[in-house]
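In case you want the letters, here they are:
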Amino acid sequence: MAIELHNRHNLQDDDEANMDGFSSSGILDSIGSSDDDDDDGSSDTSSILTELGADEFPGHFREHGGRLFHSHGNLPYPLPVDGAEQVRLNAQHRILRNLLGSHFVGPVAEKLAYESGRQKRVLDLCTGTGQWLMDMASLFRHVRFSGVDIVPIATRRPHSNAHFEILDVTQPLRWPDGVMDLVHARNVSLAIPNYPEMLREAARVLRRGGIFISGEVGRYVAFAPGYHGNPAVDAPGATRFFKVVNDLLEHVGLHETTSHIPHWLSEIGTFTHDGRIQEHLIPIGEWHRSRSQRSLGRAYLDTMTTFAESLKPFLREGGLTEREIGELIDGYVRDMRYVPGLVSVYQTVWSIKA
């Protein structure tokens, strides 16, 4: 696979997204229009899928430390799923859209182009609030979109070509072989203990010629080109924060996967080698000379500050005292806010099923 480093300097201003219809109690097991024209034998209105009743919503959540979390067994996802976290996820979605200048990388438009006699399909893993799926469903109205997650936090008013399901993606997917034209997995590493197994399932449900796309923000900080800092020396608070968090995540089986994804794709053996690995740099804070990049960095700093706050219950469970947590997050936020040149690295990888 080819490696490309993308330092985007001329980006659009942060768009305002329509947040109507997003709440902590807004999904059905299956939502969407009839799938009578599907040709893959896996209708989205199948009898195995039932509408989630209002009295069933509380069963999908548990309260801990003043925040709402998923209640699905021993799945190790460390972040809450409440309103504050949903706001962060939607803000992150807009940031990544502005960073890339698009909702996707790779030849997605070509793969999803209308084809007479065949229903094109997309699967979004760990869809969260479903914002990416809804935006894509607006762009490709002839394509059927399915979004899956373990918690019901997506909209109850999806487009007619979209539906959401409660589904544990660490288990085998319900679709038969070779039915999807695109499988999208963005920022799923905090929910997937066994990433290679997830990749094998993604490959299984993809059609030949279908495309897999991953996108992961690295759990570390770096310096932008032209800034010759050493994170351990010049941003010790941020470096220590990620060291502590990554160690605790390793302890519960959530490994840093970003650098391994290209190798795993190659190891599976069902993907071609004409994909692309790209690294996109997200400015943190307001140090950039470009007005649009400063706006991006300011918005991203807000999401990363919320991310740290959302990890407090996880840090407590990891054995840290309130004082230690406070000092850890204070040092992290101070570096992110005031150290010029700091960036996060968003890695995208796409590959075609042979």
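Residues numbered from 1 in each chain as written. Predicted model: local features only at pLDDT ≥ 70, side-chain atom pairs only at ≥ 80, totals over all residues. Heavy atoms only, no water.

Topic: the overall build of the chain
For clarity, the cut-off: The secondary structure listing takes helices from DSSP runs of H or I that are at least 4 residues long and strands from runs of E that are at least 2 residues long, numbered from the N terminus. In what follows, a contact means two residues having at least one pair of non-hydrogen atoms within 4.5 Å. For the area figures, the Shrake-Rupley method with a 1.4 Å probe applies, and any residue is considered shielded solely by the protein chains shown.
Within the chain, the secondary structure is distributed over ten helices and eleven strands. Taking as baseline every contact in the chain between residues at least 6 positions apart, the subset at least 24 positions apart corresponds to 75%. Total accessible area on the chain is roughly 15,200 Å²; 49% of this is exposed by carbon and sulfur atoms.

Regarding helix H8 (residues 291-310)
Spelled out, the test is: Helix span, as expected, comes to 1.5 Å for every residue beyond the first. The cut-offs for exposure are 20% and 50% of the maximum accessible area for each residue type, with area from a 1.4 Å probe on protein chains only; residues under the lower value are buried, those over the upper are exposed, and the others partly exposed.
The terminal C-alpha atoms of H8 lie 29 Å apart, and with 20 residues this matches the ideal 28 Å at 1.5 Å per residue to within 8%. Looking only at H8, the buried set comprises Ser292, Gln293, Leu296, Gly297, Tyr300, Leu301, Thr303, Met304, Phe307, Ala308 and Ser310.

Observations concerning the packing of aromatic side chains
Rule in force here: Each aromatic pair joins two rings of Phe, Tyr and Trp (for Trp, the six-membered one) with centres within 6.5 Å, and gets the label stacked for planes under 30 degrees apart, edge-to-face for over 60, and tilted for any other angle.
Overall, the coordinates contain seven aromatic pairs when judged by the stated rule. Aromatic side chains phenylalanine 212 and phenylalanine 271 sit 6.3 Å apart centroid to centroid with 55 degrees between the ring planes, which places their arrangement in the tilted category. Of this pair, phenylalanine 212 sits in strand E8 (residues 206-217) while phenylalanine 271 sits in the loop between helix H7 (261-268) and strand E10 (276-283), and the two are 59 residues apart along the sequence. For phenylalanine 212, a relative accessible area of 0% gives the class buried. Between phenylalanine 242 and tyrosine 332, the aromatic rings sit 5.8 Å apart at their centres with planes inclined by 75 degrees, giving edge-to-face as the arrangement. Separated by 90 residues along the polypeptide, phenylalanine 242 in helix H6 (residues 236-251) and tyrosine 332 in helix H10 (residues 322-338) bring together distant segments of the chain. Look at phenylalanine 242 and you get buried, because its relative accessible area is 5%. Members of the aromatic cluster, each reached through a chain of ring pairs, are Phe241, Phe242 and Tyr332.

Some remarks on the pattern of salt bridges
Worth spelling out the cut-off: Salt bridges are counted wherever a side-chain nitrogen of Lys or Arg sits within 4 Å of a carboxyl oxygen of Asp or Glu.
Tallied over the entire structure, the rule returns 16 salt bridges. Notably, a salt bridge pairs arginine 204 with glutamate 201, separated by 2.9 Å at the nearest N-O pair. With arginine 204 and glutamate 201 both in helix H4 (residues 195-205) and three residues apart, this pair spans about one turn of that helix. Given the relative accessible area of 12%, glutamate 201 is considered buried. Put simply, lysine 243 and aspartate 247 hold a salt bridge, and the shortest N to O gap is 2.6 Å. One end of the pair, lysine 243, and the other, aspartate 247, are both in helix H6, four residues apart, so they sit about a helical turn from each other. What makes aspartate 247 partly exposed here is its relative accessible area of 40%. Via salt bridges that share partners, Glu115, Arg118, Lys120, Asp181 and Arg207 belong to a single interconnected network.

Topic: the nonpolar core
Defined as follows: Within this scheme, the nonpolar core is defined by two criteria: the residues are buried Ala, Val, Leu, Ile, Met, Phe, Trp, Tyr or Cys, and they are joined through side-chain atoms within 4.5 Å.
Counting 60 residues, the largest nonpolar core has Phe145, Phe241 and Tyr332 as the members making the most contacts within it. A total of seven residues in this core trace back to one element, the largest contributor, which is H6. Counting 29 residues, the second largest nonpolar core, distinct from the first, contains Leu173, Tyr195, Ile277 and Val349.

A closer look at the packing of H8 against H10
Heads up, the condition is: Between N-to-C directions, angles span 0 to 180 degrees; the directions come from axes that are lines fitted to C-alpha atoms, helices contributing only their stretch in contact. Angle categories are assigned with fixed cut-offs, so that under 35 degrees is roughly parallel, over 145 is roughly antiparallel, 65 to 115 is roughly perpendicular, and the rest are oblique. In this classification, Asp, Glu, Lys and Arg are treated as charged, Ala, Val, Leu, Ile, Met, Phe, Trp, Tyr, Cys and Pro as nonpolar, and every other residue, Gly included, as polar.
In the contact formed by H8 and H10, the axes pass within 10 Å of each other and the chain directions differ by 175 degrees. The orientation of H8 with respect to H10, classified from their angle, is roughly antiparallel. Judged by residue contacts, Leu301, Met304, Thr305, Phe307, Ala308 and Glu309 of H8 engage Ile329, Tyr332, Val333, Met336 and Arg337 from H10. Split into classes, the residues belonging to the contact of H8 with H10 amount to eight nonpolar, one polar and two charged.

A word on the confidence of the model for the chain
In low-pLDDT segments, the atomic positions of the prediction should not be examined closely. To keep things clear, this is the line we draw: On a scale of 0 to 100, pLDDT captures the predictor's confidence in every residue.
In the predicted model, the chain carries a mean pLDDT of 86, and 83% of its residues have values of at least 70. Ignoring residues within four places in sequence, the model shows residues 1-39, a span with pLDDT below 50, making 134 contacts including any to other chains. Low pLDDT, under 50, characterises residues 45-50; the stretch is placed with eleven contacts to residues that sit more than four places away or in other chains.

Here we look at the packing of H4 against H7
Applicable threshold: By convention, the crossing between two helices is left-handed when the near helix turns anticlockwise from the far helix through less than a right angle, and right-handed when the turn is clockwise.
Packing of H4 against H7 brings their axes to within 10 Å, and their N-to-C directions diverge by 50 degrees. In terms of orientation, H4 and H7 fall into the oblique class. Crossing handedness for the pair H4 and H7: right-handed. Facing Tyr195, Pro196, Leu199 and Arg200 of H4, the residues of H7 in contact are Ile261, Trp264, Leu265 and Ile268. Partitioning the contact of H4 with H7 into residue classes produces seven nonpolar, no polar and one charged.

Description of the side chain of serine 189
What counts, and what does not: We call two N or O atoms a polar contact when they sit within 3.5 Å, provided that within protein one can donate a hydrogen and the other can accept it, with sequence-adjacent residues counted only if both atoms are side-chain atoms.
With respect to the secondary-structure elements, serine 189 resides in the loop between strand E7 (180-186) and H4. Judged by relative accessible area, serine 189 falls into the buried class, the value being 5%. A polar contact is formed between the side chain of serine 189 and the side chain of glutamate 216, at a distance of 3.0 Å. Side-chain polar atoms of serine 189 contact the side chain of arginine 219, separated by 3.3 Å. Among all residues touching serine 189, those that are not within four sequence positions of it are Glu216, Arg219, Leu254 and Thr257.

Things to note about unusual backbone geometry
Even without being glycine, cysteine 126 reaches a positive phi, approximately 50 degrees. On the secondary structure map, cysteine 126 appears in the loop between strand E4 (121-125) and helix H3 (131-139). In this structure, asparagine 187 is a non-glycine residue whose phi angle is positive, near 50 degrees. If you trace the backbone, asparagine 187 turns up in the loop between E7 and H4.

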